[in-house]
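The chain contents come next:
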There are 2 protein chains.
Amino acid sequence: MTEQQRRPTLMDVAQAAGVSRALVSIVMRGAPGAAEATRQKVLGAARELGYRPDSRARLLRSTRTKLLGLSFSTAHAFHAEIVDAAYAEASAKGYELALGGVTSGRPEDRTIEALLDFGSEALILISPTLSSDELARYAGQVPVVSLLRNDVGELTDSVSSDDYEGIRMAVEHLVSLGHRRIVHIDGGTAVSAEPRRSAFRAEMERRGLEPAIIAGGAMEEDGMTAGNSLGPDMPTAVIAFNDRSALGLIESLRAQGLKVPADVSVLGYDDSMFARLSYVQLSSISQDAPLLAAAAVDRAVARIEGTQPPGHVVRTPHLVARRTTAAPAAGG
Amino acid sequence: MTEQQRRPTLMDVAQAAGVSRALVSIVMRGAPGAAEATRQKVLGAARELGYRPDSRARLLRSTRTKLLGLSFSTAHAFHAEIVDAAYAEASAKGYELALGGVTSGRPEDRTIEALLDFGSEALILISPTLSSDELARYAGQVPVVSLLRNDVGELTDSVSSDDYEGIRMAVEHLVSLGHRRIVHIDGGTAVSAEPRRSAFRAEMERRGLEPAIIAGGAMEEDGMTAGNSLGPDMPTAVIAFNDRSALGLIESLRAQGLKVPADVSVLGYDDSMFARLSYVQLSSISQDAPLLAAAAVDRAVARIEGTQPPGHVVRTPHLVARRTTAAPAAGG
DNA sequence: TCATTTCACTAGAACGATCTAGAAGCCTGA
DNA sequence: TCAGGCTTCTAGATCGTTCTAGTGAAATGA
C-alpha cells in the first residue's frame, strides 16, 4: 500500500550535483577539501533529494561510530534521570547514545551484546550486576564504565558516589540536630547496601553511639515492614537505604500515629523524584546522578579518544535538607 | 594500555575451517545449504575464534535489520513498563529493539532520526507529540505505530486504549457504589486529557448527574492544587486524570482531615506502579500498557512483513478496584 | 547409459559509505 | 618559463557481510 521508495545514496547526490561520490562524502561530513561554491551546490542537491547518510555503511567503513552504549534498568525509575543527563553530555561531546534496557526477562549480558552490535565504542553500565571477571571480558573489547558501582576490578572504569561520606553526612546531620538514637534501615542485598551499612556502623561507633541496624530493602514495602518492626523502642531518627524505602517507612509511622519529623526524623538516600514530590519533601542524601552520568560519559569519551588507563572516579554526595528532618522533641 | 585486538571476520573463520566465506555466512545465519558435518566444523571454528557477526556489515548488505525503533519519554515512569513488555514481545517475534529517549533537551524528531539511523524497520512511538503531518512524513519511510494516542491520521498505525470506555467504567463503578456527587480533575493539556474530559461530561449527563470538572494536570502537584480547591462543597468521589494526580489529591484530602475512602473515594487512571504501591492501593482504570505494547509490536511486525494498510487498534481498559473507592457515608 | 535433478559448496559482485593516492588547475617565486 | 606547492577534485580499493549465479559431484529416473 504505502510506497516505500528507495532512499537516495551518495551516488544519487553526486549525479545530481555533477561531482564525484568522494566529494559528496567530503561535504556531508564537513571535512576540509571542498570549495565553498561546490559545497553549497552539493548541500543543495542533498537537501533537494532528501538525502540522509546511511549510518550502517558509514560505520562499516570508518571504524569510528561516535556511539556510546548505555545500559539501564527499567525497574529503577531514577535511571531515567541518568539517561537524560547522559544524552545531554553525549550530545555535547558529539556522540550519540545507544540505549539498552535490562528487564527481568532480558539479562544484562544480552543487552550488552546488543549494544556492541549497534557499534558502541564504549559501554556505560548503570549499577552493573555482572561479576568483575565478566565485566573485564567486555572491557577487553571496548572501554567499560561502571556507573554507581565501584568494585569492578582494575580493567573497568567506574564513576560512583562516596557511600561512606554520604552516610557520614547523614549521621552528622542528625546528630547535629540533637539526635542520638538513630536507626539505619538497610538495603538488604541491593547494590551498595553493604558499604552503607558498614559506614553507618563505623560512623556511629566513632561517635560513641549505638549503631542499630534493621533489615530492609530498596522498595516501599521494605521500608514499611521495617517501620512496623520498630514498635517497642522507637528511635528519634531513621536513615533509610533509599528514598523509596523512606517513603514506605513514613507511611508506616503515620499508620502508627507518629508525626514526621515531630516524633521521628526520616532521611532518605538518592534525592530521587520521590524525595522531591511536593507532598513528601523528603530530606535526602543526593548522589547527584546527573553529574555522575556526565562524568561517566566524559570518562568513556576520554578512554575512547585517549590512551589513558582505566580509573575510578569517586564523587562526594551532599545533603539536601527538606521537611522530614528536624530536632527531636525535648527528652527524645 | 588495554590492547583492543581486531575482531575476527567471516574470512578468518573461513580460513580456520578451510571453507569459503559464503559457506560460513550460510552456517552463521542458519540458512539451509550446508552439510551437517561442515556445519559443525564451521561452528567449532567460529567458537574457537570468538567470532561474532558484525551487524553493521550484515545490515548493510541485507536490507532486513530485524530492528524495531521504540521511542519513550524519560519523564514518564510508566513508559518503562511498556519498554519491558515491548522487549519481551519483540524478542518473541525475533526482533531486536532500538531504544530512543525523548528528554527535555532532545526533541522527538531528533530521537526518531537516530532510530532510523540505527536501521529501524518500523517505529513505535509512545504518546507521540508530533503532528499527524510530521508523523505521516516518517510513515512514508517506514511503518509508524503510535502507542497510546490515536488521532494520528490515516498513514500512521495506532494502538490505544478506549478513553471513553475507561471513563464510563469509572463513573459506572462510583455510581454503582452509590455516589452521585462526582468530580473529575482533568489532565489540562496532557495527551488524552480532552477525550477523558468530554467522556466524563457525556457520561455524567447521560445519567442525569452534574458533570463537575476541575482543572488539573498529570503530576502530583496538580492533584494537590485541585484537591485544595475542592474545599467548599466536597464531592463524595473524585476521578483523577491519572494515578500521580490522584496521589497528590489524596495527600491534599489527608491534609484537610478527610479520610479516603470513608469521606471521599478516589479513582486513578493508568494502574501504574504508583497505584500498586502497598501503602497506596489506589483503585484505578488500567489501560494494560504491557498488552498494548505487545499489540504495538505485533502491529509493527505485521506492517513490515505483510502488505496490509495502516490501521487503528483500540483496546478496552478495565477497572482495578483497590482500597480508595467505597460506598459513600450515609447521607453523603 | 545418459540426461536430469538435487545437494554442497564457491567465486565474485553487490550494499553505501570512507579512505588512499594521485591528477588537474592555479598560484607563487626565482 | 618552470619547479614546487597549494587547493580542489576524482578513481578505485576497501570495510564485512549477503546475494546471485554458478560449478562439480552424487543421486535419480527412464
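Please read these numbers as outputs of a predicted model, since none were measured by experiment.

Q: Mind showing me how you'd approach the protein's contact with DNA strand D here?
A: The environment of DNA strand D is formed by 25 residues, the closest being A:Ser20, A:Arg61, B:Leu10, B:Ser25 and B:Arg61. Of what DNA strand D places within 4 Å of the protein, 64% of the atoms are sugar or phosphate. Taking A:Ser20, its main chain carries an N or O atom lying 2.8 Å from a phosphate oxygen of DNA strand D. Listed by contribution, the elements that provide at least two residues to the surface near DNA strand D are α2 (21-28) and α4 (55-61) of chain A together with α2 (21-28) and α4 (55-61) of chain B.

Q: I'm lost on the domain arrangement of chain A in this one. Help?
A: In many reports, interface size means the accessible area that the parts give up when they come together. Residue and element names in this part refer to chain A. Along its sequence, chain A is organised into domain 1 (10-61), domain 2 (67-161 + 289-315) and domain 3 (163-287). Relative to domain 3, the C-alpha centre of domain 2 lies at a distance of 29 Å. Each partner contributes residues to the interface: domain 2 has nine residues there, and domain 3 has nine residues. Across the domain 2 to domain 3 interface the summed buried area is about 750 Å²; carbon plus sulfur atoms make up 50%.

Q: When you look at the relation of the copies chain A and chain B in this model, what are you seeing that I'm missing?
A: Here the second copy of the chain follows from the first by a rotation about an axis and a shift along it. Expressed as a screw operation, the relation of chain A to chain B combines 0.0 Å of axial shift with a rotation of 180°, fitting to an RMSD of 0.1 Å. Both copies are brought into coincidence by an operation consistent with a two-fold rotation axis. A shared binding surface is used by both copies, with 98% of the interface residues of chain A retained as interface residues in chain B.

Q: Sorry, what's going on with the environment of A:Ser25 here?
A: Along the chain, A:Ser25 turns up in helix α2. Along the chain, A:Ser25 and A:Val13 lie 12 residues apart, while their C-alpha atoms are 9.8 Å from each other.

Q: Even after reading the chapter, I still don't get the protein's contact with DNA strand C, so can you show me in this structure?
A: Near DNA strand C there are 24 residues, and of these A:Leu10, A:Ser25, A:Arg61, B:Thr38 and B:Arg61 occur at the shortest range. Here DNA strand C approaches the protein such that, of its atoms within 4 Å, sugar and phosphate make up 64%. Contacts to DNA strand C include A:Ser25, whose side-chain N or O atom sits 2.3 Å from a phosphate oxygen. Elements with a minimum of two residues in the surface near DNA strand C: α2 and α4 of chain A together with α2 and α4 of chain B. Broken down by element, the residue count for the surface near DNA strand C peaks at four residues, all from α4(A). Grouping the amino acids of the surface near DNA strand C by side-chain chemistry returns 12 nonpolar, five polar and seven charged.

Q: I tried to follow the sheet that holds strand β9 (residues 265-269) of chain B on my own but got confused; where do I start?
A: To summarise the sheet geometry, strands pair through backbone hydrogen bonds and adopt either a parallel or an antiparallel arrangement. Residues and elements named next belong to chain B. Taken in spatial order, the six strands make up an open sheet running β7-β6-β8-β9-β10-β12, and their pairing is mixed. Unpaired on one side and paired on the other, β7 (212-214) and β12 (318-320) mark the two borders of the sheet. Put simply, the sheet's adjacent strands are angled 25° from each other on average, direction ignored. In terms of strand pairing, β9 meets strand β10 (residues 283-286) through three bridges, oriented parallel. Its bridge partner lying in β10, Tyr-269 is registered against Ile-285. Against the sheet, helix α8 (residues 163-177) engages β6 (182-185), β8 (237-240), β9, β10 and β12, with an angle of about 165° to β9. Contacts between helix α9 (residues 193-206) and the sheet are confined to β6, β7, β8 and β9, with β6 contributing the most and set at about 165° to the helix.

Conventions used here
- Residues numbered from 1 in each chain as written.
- Chains lettered and ligands numbered in written order.
- Predicted model: local features only at pLDDT ≥ 70, side-chain atom pairs only at ≥ 80, totals over all residues.
- Heavy atoms only, no water.
- Near = heavy atom within 4 Å.
- Polar contact = N/O pair within 3.5 Å; in protein donor to acceptor, adjacent residues only side chain to side chain.
- Helix = DSSP H or I, 4+ residues; strand = E, 2+ residues; numbered from the N terminus.
- Domains from an automatic or database assignment.
- Contact = heavy atoms within 4.5 Å.
- Buried area = accessible area lost by both parts, 1.4 Å probe.
- Least-squares fit on C-alpha atoms with pLDDT ≥ 70 in both.
- Nonpolar A, V, L, I, M, F, W, Y, C, P; charged D, E, K, R; others polar.
- Pairing = 2+ DSSP bridges.
- Axes fitted to C-alpha atoms, helices over the stretch in contact; angles between N-to-C directions.

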